[in-house]
Amino acid sequence: MPVYTAPTDDVMFLLNDVFRIERHNNVAGFGDATPDVVEAILVEAGKLCAEVLTPLNRIGDIQGCTRHEDGRVTTPEGFKGAYDQLVAGGWVGLSAPTEFGGQGLPGTLTVIINEFMASANLAFSMYSGLVQGAVAAILTHGSDEQKRKFLPKMIEGVWAGTMNLTEPQCGTDLGLLRTKAVKQADGSYKISGTKIFISGGEQDLTSNIIHLVLARIEGAPEGTRGISLFIVPKVMVNDDGTLGERNGVVCGSIEHKMGIHGNSTCVMNYDNATGYLIGQENRGLNAMFVMMNEARLGVGVQGLALSEVAYQNAVIYAKERLQGRALTGPKFPDKPADPIIVHPDVRRTLLSIRAFNEAARALTIQTALYGDLAQRSQDAKEKQHADDMMGLLTPVVKGVLTDTGFANAVNAQQMFGGHGYISETGVEQFVRDARIPMIYEGANGIQALDLVGRKLPKDGGRAVMAFFAEVQGFVNAHKADETMKPIVQPLDASLGHLQAATMWFMNNAMKNPDNAGAGASDYMHMFGLVALGLMWGRIALAVKEKLAEGTASAGASLDAQALKNKLIVARFFGEKMLPETAAQLKRIEAGAGSVMEMAEGGF
């Protein structure tokens, strides 16, 4: 049976020593997030994940969800009790505004805890994660009345939330959307249509579900310009906040899928359901993008989360499994064979996963901090920069972390040999569960196109130029430092590759847009490697400073050896992983010729 330990000490090191979040104490919510408070929160979250959610992961995978004849859905055994604990602990509203019942702490803490929960039980974590995105959309675009009516119960966690975009005939291309909305005399709308792949569309965990639904108002323009966003509650809410009659929305079926069996992925049928417009007519995508951006960061975290739990279990197995002898002679002569951790290729595999995990965790925290500053900072310049960087990094976090997270789950499974392919060890579930984050919330090819086609040229390239300047500034500041050279020198080379690829797109994508499309995925992953390399640079610098002080990190329990180990992993990342950017540049510069030349019939 798989186990999981939340990486609390690593997170505290990142918060206190790498990012020094006390610098943001003048920003709303950060002043209350003292190291002692944050550590206490993370320790309790880790206990909940290890003791309650992890044991339910296998149960949820085996049992799945059950749809009944009347459209009700029953979640796996133990999920309801675990969700009640989540609500009782105030975890859902940790970062929500206090005026609606939240605790007002930085959203960064919620992102961190979402990683813990997704490692422990991805299917379960999605129920509460979607609430947070729905809350963000209503907070940003909802009316005062809508906020008063829906947010307190959602933030408390007793009502859930969903995001309804996809239809049988349209996924990414929402311009093909058919769900219709008919305006009523009282200002409400009647919503009719079918939505598919709706995570948590029906369940028995909460007394109500607040669906956010994209639909086209009668007479609205075709395409994406005619889409509006609506609140459609499962159960109508009276003016005094009590629940009324059941609305005209029902789960038609549950999808039978590869993984995340414990989450109810539903076909939702809307039959003259009462809905309420959020924001302006025909501006629904603007409102939904608030939820989508939040969700895309959350999905990126899921890729990291599954990579982390797969790594933890692979390391345990590699230290226990006896197989063969070390190439340089027996390391455990008293045993019939050495544990496989002695073999170089096993170590290479495990170090590759770990090098990704630690840097990816830093990158998600950095991106979440940008999100907090973009929403909460009172400094206009800081706010704009944070918003720029959040927008630039979101497709990178979503695409790179989920692609690599899945690959790492497969590589962790490989450590188990044949035992990794059978169900009893649990590692094959990580592989199946890790597959969906690459697809939902915009498949990763779309993330790459978003990065290259929208984010690079946005505002005249302001965000990407700021990112390049940040990396180059770090390199210039530390390239003469012997301790830092193993990560800084390869980072400098990889930055050069990324800048060259960017210039190549500028010179070749306008005359042939297929050149951008053909190289977009390589570019996204190149960008990800540089971003992760910068994170390793910052981690290595913090380690150097802590070792010079002769003390472990404040608020954490990383001893000197644990800190030195980070320098080893940083060097491994520089030597073994960053050089991939050279190959990515070559592939980008090859252009779209061989990609597009063959006629469709040749495939």
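Owing to the predicted nature of the structure, the values given are computational and were not obtained by experimental measurement. Along each chain, residues carry numbers from 1 onward, in the same order as the chain's sequence is written. Totals for whole chains, interfaces and linings use every residue, but because this is a predicted model, local features are given only for residues with pLDDT of at least 70 and side-chain atom pairs only at 80 or more, for both listing and counting. Computation of side-chain values: all heavy atoms of the structure, hydrogens and water removed.

Undergrad: Quick one: what's the story with the overall build of the chain, residue by residue and with numbers?
TA: A count of helical and extended segments in the chain gives 16 helices and 11 strands. Taking 25 Å as the expected radius of gyration for a compact globule of 603 residues, we find that the chain reaches 24 Å, a close match to that expectation. When a residue's accessible area, from a 1.4 Å probe over protein chains only, is under 20% of the maximum for its type it is buried; when over 50% it is exposed; and in between it is partly exposed. The buried share of the chain, reckoned over its 603 residues, is 57%. Per-residue and other accessible areas were derived by the Shrake-Rupley procedure at a 1.4 Å probe size, with only the shown protein chains allowed to occlude residues. When the accessible surface of the chain is totalled, it reaches about 24500 Å², and 53% of it is carbon and sulfur. When charges are counted, Lys and Arg are positive and Asp and Glu negative, with His and the chain ends excluded. A charged residue contributes its charge at one atom only: NZ of Lys, CZ of Arg, CG of Asp or CD of Glu. Across the chain, the mean location of the 54 positive side-chain charges is 3 Å away from that of the 65 negative side-chain charges. Think of it this way: any DSSP run of H or I at least four residues long counts as a helix, any run of E at least two long counts as a strand, and we number them from the N terminus. C-alpha atoms define the radius of gyration, and 2.2 Å times the number of residues to the power 0.38 defines the globule rule.

Undergrad: Account for the packing of aromatic side chains, with residues named and values stated.
TA: Pairing of aromatic rings covers Phe, Tyr and Trp, the last through its six-membered ring, and needs centres within 6.5 Å; plane angles under 30 degrees mean stacked, over 60 mean edge-to-face, and all others mean tilted. Applying the stated criterion to the full structure yields nine aromatic pairs. Relative to F527, the ring of F467 has its centre 4.6 Å away and its plane inclined at 25 degrees; by these criteria the two rings are stacked. Of the two residues, F467 is situated in helix 11 (residues 462–478) and F527 in helix 13 (residues 513–549); the sequence distance between them amounts to 60 residues. The buried category is assigned to F467, whose relative accessible area is 3%.

Undergrad: Describe the packing of helix 12 (residues 485–508) against helix 15 (residues 580–589), and please don't skip the residues or the numbers.
TA: To get an axis, a line is fitted to the C-alpha atoms, and for a helix only the part in contact is used. The angle between two axes follows their N-to-C directions and goes from 0 to 180 degrees. Viewed as axis vectors pointing N to C, helix 12 and helix 15 meet at an angle of 10 degrees, and their least axial separation amounts to 9 Å. The angle between the axes of helix 12 and helix 15 places the two elements in the roughly parallel class. Facing helix 12, whose interface residues are S494, H497, A500, A501, W504 and F505, helix 15 presents T581, A582, L585, I588 and E589. Throughout this entry, Asp, Glu, Lys and Arg are counted as charged residues, while Ala, Val, Leu, Ile, Met, Phe, Trp, Tyr, Cys and Pro are counted as nonpolar. The remaining residues, Gly among them, count as polar. Considering only residue class, the contact of helix 12 with helix 15 consists of seven nonpolar, three polar and one charged. Roughly parallel here means an angle under 35 degrees, roughly antiparallel means over 145, roughly perpendicular means 65 to 115, and every remaining angle is called oblique. Note on contacts: a residue pair qualifies if any of its non-hydrogen atoms lie within 4.5 Å across the two residues.

Undergrad: Can you lay out the nonpolar core for me, pointing to particular residues and giving the numbers?
TA: Residue types Ala, Val, Leu, Ile, Met, Phe, Trp, Tyr and Cys, when buried and joined through side-chain atoms within 4.5 Å, form a set referred to as a nonpolar core. Judged by nonpolar contacts, the single largest core of 200 residues is most densely connected at L212, F467, Y523 and F527. By residue number, the principal contributor to this core is helix 6 (residues 284–320), which donates 19 residues. When sequence neighbours within four positions are dropped, the list of residues in contact with F467 reads M389, L392, L498, F527, V530 and A531.

Undergrad: Residue-level account of the pattern of salt bridges, with values.
TA: Pairing is possible between side chains of opposite charge, provided their charged atoms come close. The working definition used for a salt bridge is a side-chain nitrogen of Lys or Arg within 4 Å of a carboxyl oxygen of Asp or Glu. A complete count under the given rule lists 32 salt bridges for this structure. Salt bridges sharing common partners tie together D10, E115, E308, R354, E358, R361 and K566.

Undergrad: Which residues make up the environment of S253, and what are the values?
TA: Its location among the elements puts S253 in strand 10 (residues 249–254). A sequence separation of 229 residues divides S253 from E482, and the C-alpha atoms of the two residues are 61 Å apart. Apart from the residues within four sequence positions on either side, S253 is in contact with R67, T265, C266 and V267.

Undergrad: Report on helix 5 (residues 144–156), specifying residues and quantitative values.
TA: The span you would expect from a helix comes to 1.5 Å times its residue count less one. In this model helix 5 runs 18 Å from its N-terminal to its C-terminal C-alpha over 13 residues, within 8% of the 18 Å that 1.5 Å per residue would give. The angle between axes fitted to the seven-residue stretch ending at a residue and the seven-residue stretch beginning at it gives the bend at that residue. When the local axis directions of helix 5 are compared, the greatest deviation, roughly 40 degrees, occurs at F150, which is followed within four positions by the proline P152. Regarding helix 5, the residues found buried are Q146, K147, K149, F150, L151, M154 and I155. Where helix 5 is buried, its residues touch helix 4 (107–141), strand 3 (159–164), strand 6 (208–217), strand 7 (228–233), strand 8 (235–237) and strand 11 (265–278). Where helix 5 ends, the next residue or the one after it, G157, has phi of about 100 degrees, a positive value.

Undergrad: Summarise the pairing of strand 5 (residues 189–199); cite the residues concerned and give the values.
TA: Sheet topology note: the strand 4 (residues 180–183)/strand 5 ladder contains four bridges and is antiparallel. Following the sheet pairing, A181 is matched in strand 5 by I191. When DSSP finds two or more bridges between two strands, those strands count as paired. Counting the residues between successive antiparallel strands, the hairpin from strand 4 to strand 5 contains five residues, one of them, G187, with a positive phi of roughly 95 degrees. Two elements, strand 5 and strand 11, share eight bridges in a ladder whose sense is antiparallel. Paired with Y189 across the bridge in strand 11 is G275.

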